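Fold and contact review
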Amino acid sequence: MKEMKTIGVLTSGGDAPGMNAAIRAIVRAGIAKGMRVIGIRRGYNGLINGDMIEMNLRSVSDIIHRGGTILYTARSPEFRTEEGMQKAVRVCQEMGIDGIAVVGGDGSFRGASDLSSRGIPCVGLPGTIDNDISSSENCIGFDTAVNTVKEMVDKLRDTTESHDRCSVVEVMGRRAGYIALHAGIAVGATCIIVPEIKTDIEKDIIPKLQNIQKTGKKHFIIVVAEGVGKVDEIAKLIQDKTGIESRATILGHVQRGGSPTVQDRVMASEMGYYAVELLSEGIGNRVIVMKDNKVIDYDIHEALKMEKPFEERLFNIAHTISI
Ligand code: ADP
C-alpha cells in the first residue's frame, strides 16, 4: 500500500451548497490523521496549473454555513485530453500529492477514475444541486436547492393568489426532474413537468387546469424543470387556452447559492470524513454515496454504470393530490 502523506481536495463541475462543509471535513479529518492537505483551486484546472494552497485547521474556519466553494470550481476541457491528464499526474508527483478527494458530479468522477488508474488514488463525493448522480440517492446541495425553490415559490404564491394568476416557474434540472418534483410537491404545485415523464401541455396540462377551474380554484402554480421547454411559451399557451392570466418566472442561479441546510451540512461532513478514511488506507477509485440513508462507497466504474430510477410513484402521488 502506498503511504498517504499528503492528500488534495478539489471541487469540480457545478457548485453546490455544502461543498464547503465537505472541504472542511476533509481538511480537518486529514490533519487529524496526520496527513498534509492541499486545497486545489478551480477543479482539475488547478491541478494542471499547480493552482493550490496548503490547508491548515484554520483555513476552513467559518465556512460550514457558506454556499459556493472556497476552492472555486471550474470545468476543465484540458484535463480531458491525454496531455492535460499527464500534466495533472506530473503536478501531483511534483507536489507530493498521494491521493485526492474530488467533490463533483459524474463527469468529475470520470476524471477521478482516470487519475486513479494512473497511480493517484481518488475518492469522489457527490456534489450537485440537480441530484442527478446515478449512484447516490442524495447529493450534497440538493436539499438546500429545493428549500430555496420552496421559499421563492411560496413568495410567488402570495402574488399569484392575489391576482388570480397562473405562475409557470422554471427550476433547474436540464436532464433531471428531482428539483422540480420535490420542490413542486413542497409548494403544492398543480402540475409538475419533468424531463423523465413525457408531458403534452395541450393534452395533459390544459384539461387538468380547466377541470380544477370548475371546482372554484383561481390561481395555479406550475413547476417546470428547465430541460422541458420554454416557460414563457407554456404560460402563453395556458393563457390562450384557459383565459387564466399566466406569467413565467425563471428562478435561475439563485438556486445554486445560499447557506446549506442541516441535511446538506451533516451529509457533507460525514462523506468528507469517510473519503479521508478511504484515502488514508490508500484506497482510491471509489465514490461515496447515500444508499438507504446510509453513507457507503462504490467502485467508480460500477457507480457510473448505475441507473437511478425516476421516482414515478412520488410523481403520481403529486399528480393525484394536486386537484
Ligand atoms: P460534473 O462533475 O458536475 O458532472 P462536468 O461533467 O462538467 O461536471 O465535469 C467536470 C469536469 O470533470 C470536467 O470539466 C472535466 O475536467 C472532468 N471530466 C468530465 N468528464 C470527464 C471524462 N469523461 N474524463 C475525464 N475527465 C472528465
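All values reported here derive from a predicted model rather than from experimental measurement. (Residues numbered from 1 in each chain as written. Predicted model: local features only at pLDDT ≥ 70, side-chain atom pairs only at ≥ 80, totals over all residues. Heavy atoms only, no water.)

Some details on the sheet that holds strand β1 (residues 6-11)
Stated precisely, the cut-off is as follows: When DSSP finds at least two bridges between two strands, those strands are taken to pair. Put simply, DSSP marks the helices as runs of H or I at least four residues long and the strands as runs of E at least two long, and each gets a number from the N terminus on. To obtain each axis, a line is fitted to C-alpha atoms, and for helices this fit is confined to the stretch in contact; angles are then taken between N-to-C directions over 0 to 180 degrees.
Read from one edge of the open sheet, 7 strands run β3-β2-β1-β4-β5-β10-β11, paired in mixed fashion. The sheet is open, and its two edges are formed by β3 (52-55) and β11 (294-299), each paired on a single side. Averaged over all pairs of adjacent strands, the angle between strand axes in this sheet comes to 25 degrees, irrespective of strand direction. As paired strands, β1 and strand β2 (residues 36-40) are joined by 4 bridges and run parallel to one another. Within β2, the position partnered with isoleucine 7 by the bridge is valine 37.

Observations concerning the pairing of strand β5 (residues 122-126)
Let me state the cut-off plainly: The classification of residues rests on relative accessible area computed with a 1.4 Å probe and restricted to protein chains. Under 20% of the type maximum is buried, over 50% is exposed, and intermediate values are partly exposed. Viewed with both strands pointing away, a crossover whose connecting path from the first strand over the helix to the second turns clockwise is right-handed.
In terms of burial, β5 is a largely internal element, 5 of the 5 residues being buried. Side-chain alternation along β5 places Cys122, Gly124 and Pro126 on one buried face and Val123 and Leu125 on a second face that is also buried. Note that strand β4 (residues 99-104) and β5 share 5 bridges and pair parallel. Across the sheet, residue valine 103 finds its bridge partner in β5, namely leucine 125. Remark: the β4/helix α4 (residues 106-117)/β5 crossover connection has right-handed handedness. When β5 meets strand β10 (residues 286-291), the two strands line up parallel, connected through 2 bridges. Its bridge partner being in β10, glycine 124 is matched across the sheet by valine 287.

Description of the sheet that holds strand β6 (residues 166-171)
Let me state the cut-off plainly: Contacts are assigned to residue pairs that have any heavy atoms within 4.5 Å of one another.
The parallel open sheet is built from 4 strands, whose spatial order is β7-β8-β6-β9. Across the chains shown, the open sheet's two edge strands, defined by having one partner strand only, are β7 (191-193) and β9 (246-250). Each neighbouring strand pair of the sheet contributes to a mean axis angle of 20 degrees, computed without reference to strand direction. Pairing analysis gives 6 bridges linking β6 to strand β8 (residues 220-225), with the strands arranged parallel. In the strand pairing of β8, valine 168 is matched with isoleucine 222. Its contacts with the sheet put helix α8 (residues 231-242) on β6, β8 and β9, and the angle it makes with β9 is roughly 165 degrees.

As for the domain arrangement of the protein
Often the size quoted for an interface is simply the accessible area lost on bringing the parts together. The following threshold applies: What fixes the domain bounds is an automatic or database domain assignment. Buried area is calculated as the accessible area (1.4 Å probe) missing from two parts once they are joined, with the contributions of both summed. Each salt bridge in this description consists of a side-chain nitrogen of Lys or Arg and a carboxyl oxygen of Asp or Glu lying within 4 Å of one another. Charged means Asp, Glu, Lys or Arg here, nonpolar means Ala, Val, Leu, Ile, Met, Phe, Trp, Tyr, Cys or Pro, and polar covers whatever is left, Gly included.
Assigned domains of the protein: these are domain 1 (6-141 + 260-305) and domain 2 (143-256). On a C-alpha basis, the centres of domain 1 and domain 2 stand 35 Å from each other. Each partner contributes to the interface: domain 1 provides 12 residues, whereas domain 2 provides 12 residues. Carbon and sulfur atoms make up 50% of the surface buried where domain 1 meets domain 2, a total of about 1,100 Å² over both sides. Summed over the three residues of domain 1 that lose the most area to domain 2, namely Ile129, Asp130 and Thr261, the buried surface amounts to 46% of that side. Put simply, aspartate 132 and arginine 175 hold a salt bridge, and the shortest N to O gap is 3.6 Å. For the side of domain 1 that touches domain 2, the per-class residue count stands at 3 nonpolar, 5 polar and 4 charged.

Looking at the packing of aromatic side chains
Our working rule: For this analysis, a ring pair means two rings from Phe, Tyr or Trp (six-membered ring only for Trp) whose centres lie within 6.5 Å, classed as stacked if their planes differ by under 30 degrees, edge-to-face if by over 60, and tilted for the remaining angles. Whether a charge sits over a ring depends on NZ of Lys or CZ of Arg being within 6 Å of the ring centre and within 35 degrees of the ring normal.
As enumerated under the stated definition, the model contains 3 aromatic pairs in all. Each ring, one from tyrosine 178 and one from phenylalanine 310, has its centre 6.0 Å from the other, and the planes form 50 degrees; the classification is tilted. In this pair, tyrosine 178 is assigned in helix α6 (residues 178-186) and phenylalanine 310 in the loop between α10 (300-305) and α11 (312-321), connecting sequence segments 132 residues apart. In this pair, the class of tyrosine 178 matches that of phenylalanine 310, namely buried. Here the aromatic residues Tyr178, Phe310 and Phe315 are joined through ring pairs into a cluster of three or more. Above the face of the tyrosine 72 ring, arginine 42 is positioned so that its terminal group lies 4.3 Å from the ring centre.

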